[in-house]
Amino acid sequence: MSDPCSSSSLSRCVTRHLNLQLCVDFERHVLRGKVALTVEALQDRLTELTLDTSNLTIVSVSANGQPARFSLGPKHSFKGAPLDITLPFDLSRGQHAIVEVTYETSPSATALQWLTPEQTAGKKQPYLFSQCQAHHCRSMIPCQDSPSVKHTYYAQVSVPKDLVAVMSAVRDGQEVDPQDNGRIVYRFRQPVPMPSYLIAIVVGALESREIGPRSRVWSEKEYVDKAAFEFSETENMLKTAEGLAGPYVWGQYDILVLPPSFPYGGMENPCLTFATPTLLAGDKSLSNVIAHEISHSWTGNLVTNKTWEHFWLNEGHTVYLERMIGRCLESEQFRQFKAMGGWKDLQDSVNTFGANNPLTNLVPSLQDVDPDDAFSSVPYEKGFALLYHLEELLGGPEVFMGFVKSYIQMFAYSSATSEEWKDYLFTYFKDKVDVLNKVDWNAWMFTPGMPPVKPQYDTTLADACIALSQRWIKAKDQDLNGFEKSDVKTLSSHQLIEFLSLLLQEDPLPLAHVQKMQEVYDLNSYMNSEVRFRWLRLCVRSKWEETVPMALKMATEQGRMKFTRPLFREVYNFDKYRDEAVRVFVANRAAMHPVTSGLVSKDLKVDASNGSSR
């Protein structure tokens, strides 16, 4: 079992615990660190081991307190450089050693984004946040950076005294830094074993508010009360999830609202979910994101994909659980409606990648593929579609949820492959093997494009969206006066999003149509980011020139890749404004998250190092 994304010695040893000391240097944009890894030998006469690193400066290495020889191997394009360590003794199978590495990160570490005070809400203090998934932890900590390895951790983080540090762990006190009384050391412990990609740190002028018996929301003070209000349903969702999946084992469930450049909607860091501030515009999509991140506490964090090729085990099950939470809190029709929307997102991803692209396989090969390049809605929505298809075949939601809960118990605190998942499915449903054998497993898992079966979803909540979108698609110019504001007044924000998504699946509407739509519905005034994002794409596609600056503004004033990448691509595909898309990207690139700017530069065919178009 090897991990194509890691150079570390996974078959020879495994990390059991990681003890971390970090000093955060905002002047130089580096972390000065010392990490002590408790390593267990998996074979006799272990004398050498390899850790993953990326752009780290290694100062020294010791093993059980004795100096150890080390060397950095050649740098790989996305795997970084292997750190080869020779132990000054040999270990036999089952023995532990403490390997300590003193190091410093690079200002360009891909896991970290350093924000200037101007890039924060408060404008006074700098800010740092990490995003390690999938393979970026190695740019922050030398480690076995593979989701197949799980360990506990303890951390001490020294920061300037006006700032606060939080991590993906339980807070364990703070004290004045004995080395510098202008700094504070914050302590954290994570007693539940977890993969390296879930180690997370944030440092900034943070405040918090209690939102439930085991939850606080953290953010800059400018956002904190709004966030506390928006996330008030958290405990209710946690209880619902526990009813479905079993006890929540992580103790605390806090939410941290990040600055706008955070590249994802949410990130399921244990004890501390990261959330985009784009959720605070009165979005109903907020509940989807939080239900999704809460669900990861079981599928992803407790049971983890063994390599990124099996990412669908994390995401497909998490979407399935998220929608089961929606079913409990809303209705079965609501779950069906969300499932239909997900099928459309899958169709979009397949169209973007191409129907023959092997990255649209449910289980792709990631040999020599950067996991960031493979990221899409495929593992989420093709994964969900398979689970929903199996649910239909095997007896409905209650029956299948029984399997999901049992799978979580079976693989808790460990990592699984698709093969292990499938074997367990066959064991659990041993009386229905004939049904399972009729599933075209090869088509579902190892074939690109759309799935072999399209589930028949209940269209009750979608019918109004379909009907309205069809009216716009079929309308001739003389029919445009038949539309009125009341058309959308009866739609929920979920349905309005669905209406716009349906229009995006069709050929571009005539310019007169979108201009009329603005006149009647005033979609420019909607602040819900999911609505605005789709509306602006629709306008740019119909070549409405006045909306181009609005689209580029949305693409740059926040950095959630789900919004930023398609908005830039839409403007880039409008020939007249292609150069403008590139110009705006190059002008804003320095303020963007490193992963976002790297992917947008590929989308716009801009050379990564300078501003010229390839």
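Now for a look at the structure at hand. Along each chain, numbering runs from 1 in the same order as the chain's sequence is written. It should be noted that, the model being predicted, local features are given only for residues of pLDDT at least 70 and side-chain atom pairs only at 80 or more, the latter also being counted only at that level, while totals for whole chains, interfaces and linings use all residues. Side-chain measures were taken over the full set of non-hydrogen atoms in the model, leaving aside hydrogen atoms and water.

### Things to note about the pattern of salt bridges
A pairing counts as a salt bridge when a side-chain nitrogen of Lys or Arg comes within 4 Å of a carboxyl oxygen of Asp or Glu. Using the criterion set out here, one finds 36 salt bridges in the structure. Across the pair glutamate 207 and arginine 209 runs a salt bridge, and its minimum N-O distance is 3.6 Å. In this scheme, a residue with accessible area under 20% of its type's maximum is buried, one over 50% is exposed, and one in between is partly exposed, where area comes from a 1.4 Å probe on protein chains only. The class of glutamate 207 is partly exposed, set by a relative accessible area of 30%. Judged by its relative accessible area of 28%, arginine 209 is partly exposed. Overlapping salt bridges, with partners in common, bring together Arg327, Glu332, Arg335, Glu391 and Glu398 in one network.

### Some thoughts on helix H1 (residues 221-230)
Helix and strand definitions here come from DSSP, where helices need a minimum of 4 consecutive H or I residues and strands a minimum of 2 consecutive E residues; each element is numbered from the N-terminal end. Within H1 the residues assigned to the buried category are Tyr223, Val224, Ala227, Ala228 and Glu230. Burial along H1 is one-sided: seen end-on, the buried residues are contained in an arc of 155°. Exposed residues lying more than 90 degrees from the buried face of H1 are Asp225 and Phe229. Taking the helix axis as origin, the arc is that swept by the directions to the C-beta atoms.

### Some remarks on the pairing of strand E7 (residues 81-91)
Two faces belong to every sheet, and in a regular strand the side chains alternate between them. Pairing between strand E3 (residues 46-53) and E7: 7 bridges, direction antiparallel. Its bridge partner being in E7, leucine 49 is matched across the sheet by isoleucine 85. Two strands qualify as a pair provided that DSSP identifies no fewer than 2 bridges between them.

### Thoughts on the environment of tryptophan 308
Checked against the element boundaries, tryptophan 308 lands in the loop between strand E21 (303-305) and helix H4 (311-329). On the accessibility criterion, tryptophan 308 (7% relative accessible area) is buried. The sequence separation of tryptophan 308 and asparagine 351 amounts to 43 residues, and the corresponding C-alpha distance is 22 Å. The contact partners of tryptophan 308, leaving out residues within four places of it in the chain, are Cys5, Gln133, Ala134, Pro147, Tyr197, Asn314, Leu366 and Pro371. Only heavy atoms enter the contact rule, under which two residues are in contact if any of them lie within 4.5 Å.

### As for the sheet that holds strand E8 (residues 96-104)
The strand order across the open sheet built from 8 strands is E5-E4-E8-E2-E1-E11-E14-E13, with neighbouring strands paired in mixed fashion. The open sheet has two free edges, formed respectively by strand E5 (66-67) and strand E13 (170-176), since each of these has just one partner strand. Two strands pair when backbone bridges link them, and strand E11 (residues 151-160) and strand E14 (residues 183-194) are joined in this way by 9 bridges, in the antiparallel orientation. Residue valine 157 lies in a different strand from E14, and its bridge partner there is tyrosine 186.

### Thoughts on helix H20 (residues 594-603)
Counting buried residues along H20, 7 of its 10 residues qualify, which places the element largely inside the surrounding structure. Every buried residue of H20 is accounted for by Val595, Thr596, Ser597, Leu599, Val600, Ser601 and Asp603. As for H20, its buried residues are in contact with helix H6 (371-374), helix H18 (561-572) and helix H19 (578-588).

### Considerations on the side chain of aspartate 372
In this structure, aspartate 372 sits in helix H6. For the buried aspartate 372, no salt bridge is present, and the opposite-charge side chain at shortest range is lysine 602, 7.7 Å distant. In this structure the side chain of aspartate 372 is engaged in a polar contact, spanning 2.8 Å, whose partner is the side chain of histidine 136. Every residue in contact with aspartate 372, bar those within four places of it in the chain, is listed here: Ala134, His135, His136, Tyr264, Val595 and Leu599. Charge counting follows a simple rule: Lys and Arg are positive, Asp and Glu are negative, and His as well as the terminal groups are ignored. In protein, a polar contact requires one atom able to donate a hydrogen and another able to accept it; more generally it is a pair of N or O atoms within 3.5 Å, and residues adjacent in sequence count only if both atoms are side-chain atoms.

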